[in-house]
Amino acid sequence: MNCTPTGCPSCQPAAVAPASVASPGLAPSSATPADPGRREFVWDAIRTFSFGALTLTALPILVAEADADDDPKAAAPPADPSATVGAAKRKRTVLFGYLVDTTKCIGCGGCMLACKNENAVPDDQFRTWVERYVYYKDGRVEVDTCTSGNFSFDQKPALDPKVVDKAFFVPKLCNHCVETPCIQVCPVGASLMTKDGVVLIDHERCIGCAYCVQACPFGTRFINHKTNTADKCTWCYHRVAKGEKPACVEVCPTGTRIFGDINDPDSDISKVLAVHRIDVLKSYLGTRPKTRYIGLTSEVV
Amino acid sequence: MHGHPIEFMFPNDHGSIAWTLMIVLYPYITGLVAGAFVVAALYHVFGKKELAPVARFALAASFSFCAFATMPLLLHLHQPQRAFNIMFTPNFTSAMAGFGFIYSFYLTLLGVEILLVFRDDIVARANRRGVEGWLYKVLALGVTNQTPGSRALDHKWISALSVIGIPAACVLHGYVGFIFGGIKANPWWSTALMPVIFLCSAIVSGVAMLILLYVIASKFRRVQVDDECLRSMMRTLWLFLILAVALEELELLNMAYESGAQWAMLSRLIHEKLHFSFTWLQLILGSVVPFFLLLIGMRRGLHPGVRIGLGTVSGLLVLIQVMSMRWNVVIGGQLLSKSFRGFNNYLPEFGGREGLGVAVLVFCLPFVLMFALGKILPLWKTDAADGH
Ligand code: SF4
Ligand code: SF4
């Protein structure tokens, strides 16, 4: 049929039809005499069903529309660092970013310790950790972490250069993704993104369903044993909101961890992003991490 | 050329998994809801007259399972007192947010349909004295006079609810599958087939459960098992079992054939971690054996006693199949660390909120409700007067 949405009279009944979709063939006019109580009951049921059906179909659309505006995602630059400078020129708002230069990390574990102290993270759970990748001459690649003591790899036996080709450290933390699966799946909206691009959890709202723990591809989320709510790195939002650096960045002795406003071309992070080849973790999943890396290899996931 | 890194788990994956036994139980119970409803619908909508002996009971069973489907979820939530936030402040980009609405809709639908199906009996008892009379008056929604016209209207409604109930059951359970299928972080879950697989296995489990309950209840009621009815259920079970298992295996075959980046670890998951629960329970004992038992048991002219035996055993095996399938999906998917380099371990503890003891208790509750419903409503009546 070839007619405009509004102009064709023959289309119009069809346009109103969906309102009655939830109750096909149930019009009370076709009912044989029934007493008033029964009829009311029937109508109540119709109302319940129609409401349910309408809510299920209409709300997701409304919510998606509401989400579209005023979204830090819109301002988030792509992983390609050359684009960040251009984005910064627009100088919309602050947009935080994080960079890990793995070539500088010495595995001292200071960041892990600082994070534990700053955020009262339970002993066996981690908002950040450091992985070590060891490439042996026989072709093996081994990965490990140091999650006890002072978290320093010094506590482990030294590697033997006769059997090892190369080794390096990779600090991990929440990627504060642009397309966050964790926010997407949270059924109550307890996971959220601030205007400056930080992914946070509202511990007053979180129901502890752990769906976000499943959805985060990077293993950064956990259900905190103490609070019984979801937990993860906040880039120390309580500090950065006051203009301070995250605790891990503050203590890192080698400058491995860099934090700042990527919308500001003069920030430390923007300057490094502008000149280095940058990578992100599991880019194939399309979550567009805002924690970026220098010096990854294909073994790092 | 460097080989694959070995055994490394992200530190937060160590030693614990986020979704435990209760989340295995939850899709199991919702599956039984959907499956039992399908049997009732086969009778009410598709005119499978031979299912008359179990049609009413199927509805009551579906309702009873539905009534307790949220229990495992509440037991699993770390902040159960906030559970209703899922309906008060739903975030509709979450697959989980629809749960409250879909579930309430379905429970209401089942409740209304039961009231209508049993309306004759309820009205007939509404003039009894005392508390009993009151109970039936409430169930009759206060309206106790019936005319041929009102009966006809009831029947229209029953058919309509059954018709609406079929897609609703599909949504209810397909949606449960989607909760897993939509998680791209997990290669063991992330597949578009997941909702369909869950739906088919739901139907399978519901039919199997009904066969079992029908046989057991008949023994207790000292009535004969209706041979045609049992045969029809076994045929339905056989067909859906083939469909469910074919989909489950196709999914796996596809993964193996593509041999994507994660296949090496997934194949280790199947062969090492899930060897018993997948290969032995889900595949051999739960699928292959009942396939043949049902094939024999469906034959026309078989001795009714033999049919009952074969039906009962296959029903039981299929229930084990579906339970292990839920386990393999829910637990299996979490055993593989997100590092894709190492495996977790999980064995349910006995005590505790999410332990085996509570799980068994929760699973018993629907049967208690069924028993109670059986005390107030004639669940096994197959009256010709209901117009079918
Ligand atoms: S790393 Fe995980 S928790 Fe952090 S924003 Fe991305 S998906 Fe969410
Ligand atoms: S655990 Fe909390 S933050 Fe995570 S999805 Fe559930 S409600 Fe949302």
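Here the structure is a predicted model, which means the values were calculated and not measured. (Residues numbered from 1 in each chain as written. Chains lettered and ligands numbered in written order. Predicted model: local features only at pLDDT ≥ 70, side-chain atom pairs only at ≥ 80, totals over all residues. Heavy atoms only, no water.)

1. Some words on the overall build of chain A
As a reminder of what qualifies: Each helix corresponds to a stretch of at least 4 residues labelled H or I by DSSP, and each strand to a stretch of at least 2 residues labelled E; elements are numbered beginning at the N terminus. Only protein chains enter the accessibility calculation, which uses a 1.4 Å probe; a residue is then buried when its area is under 20% of its type maximum, exposed when over 50%, and partly exposed in between. The contact rule is simple, with two residues in contact once any of their heavy atoms fall within 4.5 Å. Residue burial considers only the protein chains on display, and all accessible areas are found by Shrake-Rupley using a 1.4 Å probe.
Helices and strands together make up the secondary structure of chain A, namely 10 helices and 10 strands. Within chain A, the proportion of its 301 residues that are buried is 52%. Sequence-distant contacts in chain A: of pairs separated by 6 or more residues, those separated by 24 or more amount to 64%. As presented, chain A carries roughly 14,100 Å² of accessible surface, and 58% of it is formed by carbon and sulfur atoms.

2. A look at the layout of surface pockets
Convention followed: Any residue with an atom within 4 Å of a point lines the site, the site being either a cavity, points on a 1 Å grid over the protein atoms alone where a 1.4 Å probe fits but cannot get out, or a pocket, an open set with protein on both sides within 12 Å along at least 5 of 7 lines. Grid points are joined across faces, edges and corners, and a volume is the space filled by probe spheres set on the points. Residues are grouped as follows: nonpolar covers Ala, Val, Leu, Ile, Met, Phe, Trp, Tyr, Cys and Pro; charged covers Asp, Glu, Lys and Arg; every other residue, Gly included, is treated as polar.
Space inside the largest pocket adds up to approximately 770 Å³. Lining the largest pocket are 36 residues, and of these Ile 223 of chain A together with Ser 16, Ile 17, Ala 18 and Thr 20 of chain B lie nearest its centre. Elements supplying a minimum of two residues to the lining of the largest pocket: helix 7 (211-215) and strand 7 (222-223) of chain A together with helix 13 (304-335) of chain B. Grouping the constituent residues of the lining of the largest pocket by class yields 13 nonpolar, 16 polar and 7 charged.

3. Digging into the site of ligand 1
Stated formally: We define proximity as follows: a residue is near a molecule or strand when any one of its heavy atoms falls within 4 Å of that partner.
Residues in close proximity to ligand 1 total 14 residues, the closest being Cys 174, Asn 175, Cys 177, Cys 182 and Cys 216 of chain A. Looking at side-chain class alone, the shell around ligand 1 contains 8 nonpolar, 4 polar and 2 charged residues.

4. Considerations on empty space enclosed by the protein
Residue and element names in this part refer to chain B. For the coordinates displayed, the defined rule picks out 9 cavities of 30 Å³ or more. As a volume, the largest cavity reaches approximately 190 Å³. Looking at the largest cavity, it is lined by 14 residues, and the ones nearest its centre are Trp 188, Glu 248, Glu 251, Leu 252 and Val 329. Of all the elements in the fold, those that place two or more residues in the lining of the largest cavity are helix 9 (194-221), helix 10 (227-258), helix 12 (275-297) and helix 13. When residues in the lining of the largest cavity are grouped by element, the largest group, 5 residues, is from helix 10. When grouped by side-chain class, the residues that make up the lining of the largest cavity number 8 nonpolar, 3 polar and 3 charged.

5. Focus on the packing of aromatic side chains
For any pair of aromatic rings, geometry is given as the distance between the ring centres together with the angle between the planes. Using the following cut-off: When two rings of Phe, Tyr or Trp (its six-membered ring) have centres within 6.5 Å they constitute a pair, described as stacked for plane angles under 30 degrees, edge-to-face for angles over 60, and tilted for the intermediate range.
All told, the structure shown has 29 aromatic pairs over all chains when counted by the stated rule. Arranged with centres 5.7 Å apart and planes meeting at 65°, the rings of Phe 37 of chain B and Tyr 106 of chain B form a pair that is edge-to-face. Residue Phe 37 of chain B is found in helix 1 (residues 21-44), and its partner Tyr 106 of chain B is found in helix 5 (residues 99-117); the two are separated by 69 residues along the sequence. Each member of the pair, Phe 37 of chain B together with Tyr 106 of chain B, is buried. By way of ring pairs, the aromatic residues Tyr 211 of chain A together with Trp 19, Phe 180, Trp 189 and Phe 198 of chain B are connected into one cluster.

6. Some details on the interface of chain B and chain A
Quite often, the size of an interface is put as the accessible area lost when its parts meet. The following threshold applies: The salt bridge definition used is simple: a Lys or Arg side-chain nitrogen within 4 Å of an Asp or Glu carboxyl oxygen. Pairs of N or O atoms within 3.5 Å make up the polar contacts considered here, provided that, within protein, one atom can donate a hydrogen while the other can accept it, and that residues adjacent in sequence are counted only when both atoms are side-chain atoms.
Contact with chain B, which involves 63 residues of that partner, is made by 76 residues of chain A. Applying the counting criterion to the chain B and chain A interface returns 0 salt bridges. Put simply, chain B and chain A have 28 residue pairs in polar contact (both at pLDDT 80 or more) between them. When residues of the side of chain B that touches chain A are traced back to their parent elements, those giving at least two are strand 1 (5-6), helix 4 (85-88), helix 5 and helix 8 (148-181) of chain B. Broken down by element, the residue count for the side of chain B that touches chain A peaks at 12 residues, all from helix 8 of chain B. Here the side of chain B that touches chain A is composed, by residue class, of 36 nonpolar, 19 polar and 8 charged.

7. Quick look at the confidence of the model for chain A
All names here are of chain A. Spelled out, the test is: Confidence of the predictor at the level of single residues is given by pLDDT, which spans 0 to 100.
Taken as a whole, chain A shows an average pLDDT of 80; of its residues, 69% reach a score of 70 or greater. In this model residues 1-42 is a low-confidence stretch, pLDDT under 50, and it forms 36 contacts with partners more than four residues away in sequence or in other chains. Note that pLDDT drops below 50 for residues 74-90; the model gives that stretch 26 contacts with residues more than four away or on any other chain.

8. Observations concerning the packing of helix 2 (residues 52-67) of chain B against helix 9 of chain B
Residues and elements named next belong to chain B. Inclusion rule: Each axis is a line fitted through C-alpha atoms, taken for helices only over the stretch in contact, and angles between the N-to-C directions span 0 to 180 degrees. Crossing handedness follows the turn of the near helix against the far one: under a right angle anticlockwise gives a left-handed crossing, and clockwise gives a right-handed one.
The geometry of helix 2 relative to helix 9 is characterised by a closest axis approach of 11 Å and an angle of 115° between their N-to-C directions. In terms of crossing hand, the pair formed by helix 2 and helix 9 is right-handed. Each of Pro 53, Val 54, Phe 57, Ala 58, Ala 61 and Phe 65 in helix 2 lies in contact with helix 9, whose residues at this interface are Met 209, Leu 210, Leu 213 and Tyr 214. Residues belonging to the contact of helix 2 with helix 9 are distributed by class as follows: 10 nonpolar, no polar and no charged.

9. A short note on the sheet that holds strand 1 (residues 96-101) of chain A
All names here are of chain A. Note the threshold: Paired strands, in this sense, are two strands between which DSSP finds at least two bridges.
Pairing in this open sheet of 3 strands is mixed, and the strands run 9-1-10 from one edge to the other. In this open sheet, the two edge strands, each paired with only one partner strand, are strand 9 (257-261) and strand 10 (291-294). With direction set aside, neighbouring strand axes in the sheet form an average angle of 25°. Here strand 1 pairs with strand 9 via 5 bridges, running antiparallel. Across the sheet, the residue bridging to Phe 96 is Asp 261, located in strand 9. Of the strands in this sheet, strand 1, strand 9 and strand 10 are in contact with helix 10 (residues 268-275), which crosses strand 9 at around 110°.

10. Description of the pattern of salt bridges
Residues and elements named next belong to chain A. The tally for this structure, following the rule as stated, stands at 22 salt bridges over all chains. Taking the shortest distance from any N to any O, the salt bridge between Arg 127 and Asp 231 comes out at 2.7 Å. One end of the pair, Arg 127, is in the loop between helix 5 (110-119) and strand 2 (128-136); the other, Asp 231, is in strand 8 (residues 230-231), and 104 residues separate them in sequence. Between Glu 244 and Arg 239 there is a salt bridge, with its nearest N and O atoms 3.9 Å apart. Each member of the salt-bridge network shares a partner with another, and the members are Glu 118, Arg 239, Glu 244 and Glu 250.

11. Considering the packing of helix 12 of chain B against helix 13 of chain B
All names here are of chain B. Filter applied, for reference: The labels follow the angle: roughly parallel below 35 degrees, roughly antiparallel above 145, roughly perpendicular from 65 to 115, and oblique for the rest.
For the pair helix 12 and helix 13, the least separation of the axes is 8 Å and the interaxial angle reads 155°. Classified by the angle between their axes, helix 12 and helix 13 sit roughly antiparallel to one another. The two elements helix 12 and helix 13 meet at a crossing, and its hand is left-handed. Looking at the contact of helix 12 with helix 13, its residues break down into 15 nonpolar, 9 polar and 1 charged.

12. Observations concerning a nonpolar patch on the surface
All names here are of chain B. Defined as follows: By definition, no residue in a patch forms a salt bridge, and every one has over 30% relative accessible area; like charges are joined within 9 Å, nonpolar side chains (Val, Leu, Ile, Met, Phe, Trp, Tyr) within 5 Å.
Residues Phe 276, Trp 280, Ile 284, Leu 285, Val 289, Leu 316 and Ile 320 make up a contiguous nonpolar surface patch of roughly 600 Å² in combined accessible area. Of the residues forming the nonpolar patch, the biggest block, 5 residues, is contributed by helix 12. With respect to the helices and strands, the residue Leu 285 is situated in helix 12. On the accessibility criterion, Leu 285 (34% relative accessible area) is partly exposed.

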